[in-house]
Amino acid sequence: MATRNIVKVGDDILRKKSRPVEKFDKRLWQLLDDMKETMYLANGVGLAAVQVGVLRRVVVLDCSQDRSDYLELINPEIIDTEGEQREQEGCLSLPGECGITLRPAVVRVKAQDRDGNWCVYKGEGLKARCFCHEIDHLDGILFTDREIKDVSEIQNETGSGQ
Ligand code: GNR
Ligand code: NI
C-alpha cells in the first residue's frame, strides 16, 4: 500500500466526469488499497478516485467513529432516498472550508465490490451525506455547488423559512 496526493480545489480534474470501471483487476485493487490508506491518513470519512487524480468511478468510505465501517463502492448509483437533512459538510480537496448542504436523510446505493459483484448499501445521517458527496465527486460536483448560503433556507421543512 501507498498513500497518494490529494488533488486540491483549482485543479480542473475535480470538475471532470469519471468513467465507469470495466476491469476488476490488480490495478483497481492497488488503487483501492492506496485510496483506503490515503483516506485514513487524511482523517477523511470518504474519498473519490478523482481526488487522487484518477477519473474512474471508485469511492472508499468509513463514516464510523472508530474506523470500523470501511466500504468500497465501484460504479455507485443512488437507487432510493428518504427525507432531508441540512448539516455540515467538508471536503479534503477544499481544506479549511465547510458549509451546510441539503441532502436526503436516508440514501440507498447500489455499487460493485472489488470483484465486480453488485451490492446494496443503506446510509443515514453522515453516511447518507457521504454517499451523496462522493457520488457528486464522480460527476465533477463539489459540496460548495450545493451549499445553502441563505439562512432562510436552513430553517426547516415546514416552509416557515421559505
Ligand atoms: O472528510 C470528509 N468529511 C465529510 C463530512 C461531511 C460530509 C461529507 C464528507 S466527505 C469528506 C472527505 C471528502 O472530501 N470526500 O470526498
Ligand atoms: Ni470531497
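Since we're looking at a predicted model, the values are computed, not measured.

Moving on to the pairing of strand β5 (residues 98-103). Every second residue of β5 is oriented toward a common face, the buried set being G99, T101 and R103 and the non-buried set C98, I100 and L102. Inspection of the sheet shows strand β4 (residues 85-90) paired to β5 by six bridges, in the antiparallel sense. Bridging from a neighbouring strand, E89 pairs with G99 of β5.

What the rule picks out here adds up to 14 salt bridges. A salt bridge links R4 to D34; the nearest nitrogen and oxygen atoms lie 2.8 Å apart. You can see R4 sitting in the segment before α1 (26-41) and its partner D34 sitting in helix α1, a full 30 residues away along the chain. A relative accessible area of 28% places R4 in the partly exposed class. Of the charged contacts, one joins R103 and E89 as a salt bridge, the two residues approaching to 2.9 Å between their closest N and O atoms. Pair noted here: R103 is in strand β5 and E89 is in strand β4, with a separation of 14 residues, a long-range link.

When its volume is computed, the largest pocket comes out at roughly 360 Å³. As for the largest pocket, its lining consists of R4, R19, V21, E22, K23, D25, R27, L28, L31, V54 and R56. Among the residues forming the lining of the largest pocket, the class breakdown is four nonpolar, no polar and seven charged. By volume, the second largest pocket is sized at about 250 Å³. Contributing elements (two or more residues each) for the lining of the second largest pocket: β4 and α2 (126-138). Per-element accounting of the lining of the second largest pocket gives the leading share, six residues, to α2. Its residues assigned to classes, the lining of the second largest pocket comprises five nonpolar, seven polar and three charged.

About the criteria used
Residues numbered from 1 in each chain as written. Chains lettered and ligands numbered in written order. Predicted model: local features only at pLDDT ≥ 70, side-chain atom pairs only at ≥ 80, totals over all residues. Heavy atoms only, no water. Buried < 20%, exposed > 50% of the residue type's maximum accessible area, 1.4 Å probe, protein only. Helix = DSSP H or I, 4+ residues; strand = E, 2+ residues; numbered from the N terminus. Pairing = 2+ DSSP bridges. Salt bridge = Lys/Arg side-chain N within 4 Å of Asp/Glu carboxyl O. 1 Å grid on protein atoms, 1.4 Å probe; cavity = no way out; pocket = protein on both sides within 12 Å on 5 of 7 lines; lining within 4 Å. Points joined across faces, edges and corners; volume = space filled by probe spheres on them. Nonpolar A, V, L, I, M, F, W, Y, C, P; charged D, E, K, R; others polar.

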